[in-house]
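Coordinates in review
Read off the chains here:
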Amino acid sequence: MTSPAYAVINLDALRHNLQIVRKFAPNAKIMPVIKANAYGHGMFRVASALQSADAFAVARVDEGVRLRKAGITNIITVLEGFSCVNELEAILAYQLDTVVHSFTQLSMFEARPELNACSIWLKLDTGMNRLGFKAEEFITAFQRLKHCSLIKGPINLMTHLANADITQDTTTLKQIALFNDTITTLFADQTIESKVSCACSIANSAGILAWPISLTDWVRPGIMLYGISPFPENTGEYWQLKPVMGLHSRLIAVKPLLKGDKVGYSGTWTCTKPTQLGIVAIGYGDGYPRHAKAGTPVLVNGQRVPLIGRVSMDMITVDLESQPMAMPGDSVTLWGNDLAIEEIAQCADTIPYTLVCGITQRVRIIEHSSTI
Ligand SMILES: *Cc1c(COP(=O)(O)O)cnc(C)c1O
């Protein structure tokens, strides 16, 4: 017996989306971001499908270790870096590249005697105020790192954009200007060789698509690889991206209700007319958003019908007025090719990132790929 709720992961779409990254950033090396189980799509599956990538990025050390243990040999960058000695040991043992963003990490580096053991990205905080050195600390950090025997190769330089998904917001231009100015100041102090060999990286998906001046040596696409637009005003289709995840289930019951009948927990929905109700086997226990409002579109046999009543753990309810012939067993799509996840996210007052990341263990995964 298999679960009625399943997600199809389309690896052809994933590879297509990598080509779209290449189209927007033809001169950059690409570091697909596969943190958080590749945004819910399966980290090993995605890494295996994108083996041609120049590197992968994960958030945590343990994610990188699991990729290495699974036999992934690409460069792996740990975006949060290490936060204790054990994690630093793992970075060295499993040959992971790490972001260095704090003096705490720097001191841990300085305490290690090994030679040329680890490649790094030195992170500048250009205004997000999350991770990274401040501009005024950056040269000190760079110079101290240059004297660390542990570091292999040049010190690569990066920052992260906070507002790139808001295309009119000039914060992004200020962040990029601060990054460029800081590097110019840094290299005014340094030799030409270090300037030539240090790689830079700024752009996430929103940077790649909307901010060409954020394109440098390396780009770090996440959400766009999964076929999803980072912008609130459009969907992946606008950028010629293809959805990688489709979420599906089926109708498990159909029943006629009378005007005045209430539906679901707390009876938040009252029928204003005789209603043919469909019950679908999907709920927040599968990762369908509990806050999806009445009216959120659902596809039954490929046709849109509205969600009504509260989303519960295992089920949702829909109004089958436009689908009077629908029967138990009929197929239901919650998001995917013909129903943009961006639209569902808006109906649930969230962003598509949380929907794909939130798919639970109970959902059966079916891989789709035309090449093996
Ligand atoms: C998650 C992350 C990305 C990818 O962001 P998207 O918006 O998914 O493209 C890039 N860089 C860093 C540092 C990140 O944490």
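Residues numbered from 1 in each chain as written. Predicted model: local features only at pLDDT ≥ 70, side-chain atom pairs only at ≥ 80, totals over all residues. Heavy atoms only, no water.

1. Description of the packing of helix H6 (residues 103-110) against helix H7 (residues 135-146)
As a packed pair, H6 and H7 sit with axes 10 Å apart at the nearest point and diverge in direction by 15 degrees. Considered as vectors, H6 and H7 are oriented roughly parallel to each other. The crossing of H6 and H7 is left-handed. Within the contact between the two elements, H6 uses Phe103, Leu106, Ser107, Phe109 and Glu110 and H7 uses Glu137, Ala141, Arg144 and Leu145. In the contact of H6 with H7, the residues fall into 5 nonpolar, 1 polar and 3 charged. (Axes fitted to C-alpha atoms, helices over the stretch in contact; angles between N-to-C directions. Helix = DSSP H or I, 4+ residues; strand = E, 2+ residues; numbered from the N terminus. Parallel < 35°, antiparallel > 145°, perpendicular 65-115°, else oblique. Left-handed = near helix turned anticlockwise from the far one by under 90°. Contact = heavy atoms within 4.5 Å. Nonpolar A, V, L, I, M, F, W, Y, C, P; charged D, E, K, R; others polar.)

2. Focus on the domain arrangement of the protein
Taken domain by domain, the protein comprises domain 1 (11-228) and domain 2 (245-368). A C-alpha centroid distance of 38 Å is found between domain 1 and domain 2. Every contact between the two is made by 10 residues of domain 1 and, on the other side, 10 residues of domain 2. Regarding the contact of domain 1 and domain 2, the summed buried area is about 960 Å², with carbon and sulfur atoms giving 63% of it. Connecting domain 1 to domain 2 are 1 salt bridge. Joining domain 1 to domain 2, the criterion identifies 2 residue pairs in polar contact (both at pLDDT 80 or more). (Domains from an automatic or database assignment. Buried area = accessible area lost by both parts, 1.4 Å probe. Salt bridge = Lys/Arg side-chain N within 4 Å of Asp/Glu carboxyl O. Polar contact = N/O pair within 3.5 Å; in protein donor to acceptor, adjacent residues only side chain to side chain.)

3. Describing helix H1 (residues 11-24)
Compared with an ideal rise of 1.5 Å per residue, which puts 14 residues at 20 Å, H1 spans 20 Å between its outermost C-alpha atoms and is within 8% of the ideal. Residues Leu11, Ala13, Leu14, Asn17, Leu18, Ile20 and Val21 constitute the buried set of H1. Considered in projection along H1, the buried side chains sweep an arc of 160 degrees and stay on one side of the axis. Among the structural elements, strand E1 (6-10), strand E2 (29-30), helix H3 (43-49), helix H10 (205-210), strand E9 (218-219) and strand E18 (364-368) are those in contact with the buried residues of H1. Residue Asn10 occupies the N-cap position of H1, its side-chain oxygen lying 2.9 Å from the main-chain nitrogen of Asp12. (Expected span 1.5 Å × (residues − 1). Buried < 20%, exposed > 50% of the residue type's maximum accessible area, 1.4 Å probe, protein only. Arc of directions from axis to C-beta.)

4. Details of the pairing of strand E14 (residues 297-300)
The two faces of E14 match: Pro297 and Leu299 on one face and Val298 and Val300 on the other face are all buried. Where E14 lies against strand E17 (residues 331-335), 2 bridges are found, and the strand directions are antiparallel. Bridging across to E17, Val300 finds its partner in Val332. (Pairing = 2+ DSSP bridges.)

5. Quick look at the side chain of Ser205
Its place among the elements puts Ser205 in helix H10. Only 3.1 Å separates the side chain of Ser205 from the backbone nitrogen of Met224, close enough to count as a polar contact. If sequence neighbours within four positions are ignored, Ser205 has contacts with Arg220, Pro221, Gly222, Ile223, Met224 and Pro230.

6. Examining the site of the ligand
Lining the immediate environment of the ligand, one finds Val33, Lys35, Tyr39, Leu79, His160, Asn204, Ser205, Arg220, Pro221, Gly222, Ile223 and Tyr353. In this structure, Lys35 approaches the ligand through a side-chain N or O atom, which is 2.8 Å from an oxygen atom. Measuring from an oxygen atom of the ligand, one finds a side-chain N or O atom of Tyr353 at 2.7 Å. With the chains in place, 91% of the 390 Å² that the ligand exposes on its own is no longer accessible. For the shell around the ligand, the residue count by class is 6 nonpolar, 4 polar and 2 charged. (Near = heavy atom within 4 Å. Areas by Shrake-Rupley, 256 points an atom, 1.4 Å probe, with all protein chains shown as cover.)

7. A look at the nonpolar core
Counting 118 residues, the largest nonpolar core has Ile34, Phe109, Leu145, Leu157, Tyr288, Ile316 and Trp335 as the members making the most contacts within it. Examining the composition of this core, we find that 6 residues originate from one element, H1, more than from any other. Both domain 1 (11-228) and domain 2 (245-368) contribute no fewer than three residues apiece to this core. Apart from the residues within four sequence positions on either side, Leu157 is in contact with Trp121, Leu122, Phe138, Phe142, Phe179, Ile183, Leu186, Phe187, Cys198, Ala199, Cys200 and Ser201. (Core = buried A, V, L, I, M, F, W, Y, C linked by side-chain atoms within 4.5 Å.)

8. A short note on the packing of aromatic side chains
Within this structure, the stated rule accounts for 10 aromatic pairs. Their ring planes at 70 degrees and their centres at 6.0 Å tell us that Phe24 and Trp239 sit as a pair that is edge-to-face. Within this pair, whereas Phe24 is found in helix H1, its partner Trp239 is found in the loop between E9 and strand E10 (245-257), the two being separated by 215 residues in sequence. Using a relative accessible area of 24% as the deciding quantity, one classes Phe24 as partly exposed. A residue is classified by how much of its surface remains accessible, and Trp239, at 14% relative accessible area, is buried. On the basis of an interplanar angle of 15 degrees and a centroid distance of 5.5 Å, the ring pair of Phe82 and Phe109 is categorised as stacked. Of this pair, Phe82 sits in the loop between strand E4 (75-78) and helix H5 (85-93) while Phe109 sits in helix H6; the two residues are 27 residues apart in sequence, bridging distant segments of the chain. Overall, Phe82 belongs to the buried group, its relative accessible area being 1%. Relative accessible area serves as the criterion here: at 1%, Phe109 is assigned to the buried category. Through successive ring pairs, a cluster of aromatic residues spans Phe24, Phe231, Tyr238 and Trp239. (Phe/Tyr/Trp six-rings, centres within 6.5 Å; stacked < 30°, edge-to-face > 60°.)

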